[in-house]
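Understanding the architecture of this molecule
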Amino acid sequence: MRERATRPRTRNAVAALTALACLGTAAVAGCSGGGAEGGVSGNAPASSRAASPSPSPTPDWNPRPRSIAAVGDSITRGFDACSVLADCPAVSWATGTDASVRSLAVRLLGPSKAAERSWNHAVSGSRMVQLPEQMARAAKERPELVTVMTGANDACRDSVRLMTPVADFRTYFEASMRQLRAGAPKARVYVSSVPDLKRLWSTGRTSELGKKIWQLGICRSMLADADDLGPAAVARRDAVQDRVVAYNEVLRDVCAKDRYCRYDGGAVFAYRFTGTQLSPWDWFHPSRDGQARLAEIAYRTITAAEPPA
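The paragraphs below set out a description of the structure included in this document. (Residues numbered from 1 in each chain as written. Predicted model: local features only at pLDDT ≥ 70, side-chain atom pairs only at ≥ 80, totals over all residues. Heavy atoms only, no water.)

**A few points about the overall build of the protein chain**
- Within the protein chain one finds 14 helices and 5 strands.
- In the protein chain, which comprises 309 residues, the proportion classed as buried is 57%.
- In the protein chain, of all internal contacts separated by at least 6 residues, the share reaching a separation of at least 24 is 77%. (Helix = DSSP H or I, 4+ residues; strand = E, 2+ residues; numbered from the N terminus. Buried < 20%, exposed > 50% of the residue type's maximum accessible area, 1.4 Å probe, protein only. Contact = heavy atoms within 4.5 Å.)

**Quick word on the side chain of Asp-98**
- The residue Asp-98 is located in the loop between α3 (74-77) and α4 (104-109) in this model.
- Look past the residues within four positions of Asp-98 in its chain and what remains in contact with it is Ala-90, Val-91 and Arg-288.

**A short note on the packing of aromatic side chains**
- In this structure the tally under the stated criterion is 3 aromatic pairs.
- Considering the side-chain rings of Trp-93 and Tyr-190, the 6.0 Å spacing of their centres and the 65° angle between planes classify their relative orientation as edge-to-face. With Trp-93 in the loop between α3 and α4 and Tyr-190 in strand β4 (residues 188-191), this residue pair connects regions lying 97 residues apart in the sequence. The residues Trp-93 and Tyr-190 share a single accessibility class, namely buried. (Phe/Tyr/Trp six-rings, centres within 6.5 Å; stacked < 30°, edge-to-face > 60°.)

**Describing the nonpolar core**
- Trp-93, Leu-104, Val-148, Phe-173, Val-191, Leu-197 and Phe-284 are the most contacted members of the largest nonpolar core, which totals 71 residues.
- If one sorts the elements of this core by residue count, helix α12 (residues 231-256) sits on top with 7 residues.
- Not counting the four nearest positions on each side in its chain, Trp-93 is found in contact with Ile-75, Thr-76, Val-101, Ser-103, Leu-104, Thr-147, Met-149, Tyr-190, Gln-291, Leu-294, Ala-295 and Ala-298. (Core = buried A, V, L, I, M, F, W, Y, C linked by side-chain atoms within 4.5 Å.)

**Considerations on the sheet that holds strand β5 (residues 261-263)**
- With respect to topology, 5 strands assemble into an open sheet ordered β2-β1-β3-β4-β5, the strand pairing being parallel. Edge positions in the sheet fall to β2 (118-120) and β5, since each of these pairs with one other strand and no more. Sheet twist, expressed as the average angle between the axes of neighbouring strands with direction ignored, equals 15°.
- Relative to β4, strand β3 (residues 145-149) runs parallel, the two sharing 4 bridges. Along β4, the bridge assignment pairs Leu-145 with Arg-188.
- Contacts between helix α6 (residues 131-140) and the sheet are confined to β1 (68-72) and β3, with β1 contributing the most and set at about 170° to the helix. (Pairing = 2+ DSSP bridges. Axes fitted to C-alpha atoms, helices over the stretch in contact; angles between N-to-C directions.)

**A closer look at the packing of helix α9 (residues 197-204) against α12**
- Between α9 and α12, whose axes approach to 8 Å, the crossing angle comes to 135°. As summarised for this structure, α9 and α12 are arranged oblique, according to the angle between their axes. Seen from α9, the contacting residues are Leu-197, Lys-198 and Trp-201; seen from α12, they are Arg-237, Asp-238, Val-240, Gln-241 and Val-244.
- Grouping the constituent residues of the contact of α9 with α12 by class yields 4 nonpolar, 1 polar and 3 charged. (Parallel < 35°, antiparallel > 145°, perpendicular 65-115°, else oblique. Nonpolar A, V, L, I, M, F, W, Y, C, P; charged D, E, K, R; others polar.)

Geometric descriptors of this kind do not, in isolation, establish any biological role.
In structure tokens:
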């Protein structure tokens, strides 16, 4: 979810951030070391390690694609999930190979084929305006499934005024779908809802470490002055929340017009991420455990006999 525009400023503070992160890794699990997949919270049932039987799909939907391309932003790149200020595509919820995450590609294709038949075209810091270009690259792979997770950076700006207008968000997403259909007319598309940024603020603000890290410039429209509960700060956060809800309505509506597209029904937005599922390097991006939860949500949505209500 991190924006490219904030990176130069953040890189100047790498030393401070690294020192803070060293203090936090003992308190938050999920980014150092491997191991078995962590338990699932009460928000969602655990996915079986054994291959699940294929349901009877709805018309035009393929629950068992044989290749996957991923587009989106830093969440799909695994940013800050393995080390400070770095992408870690190996733990990507969509195409990663890390055994503790069990990415969507691993769950659908198996470990060996996941490495051969999945492609990650997401770009950290990207917004919806960059999605058409990513979709064009994904279409060249001729994948049977394309995963889309983007929009957080459109709301995570330095101010509310700079957030992407809803009409522009719709225009760029529609253009993205056209780009995909030009090269891969029958590829299935899984569209994730934008995460609940206000809930991430509510969860992360319980950590003094997290609030210090946020002061370096992460998602200022939502996270600036994290302890300020005055009317202006509340109104600012509510404006960001309303914009995210509007973005998700766009994702749902545009997807519904495409016979090969399936929206997650707001499942990612509704998921209650805990501290364990947030990166100890920024208390905002998903940790390994958070990436695993995203993979579970996607897998359930894609393999379900019917799309979410």
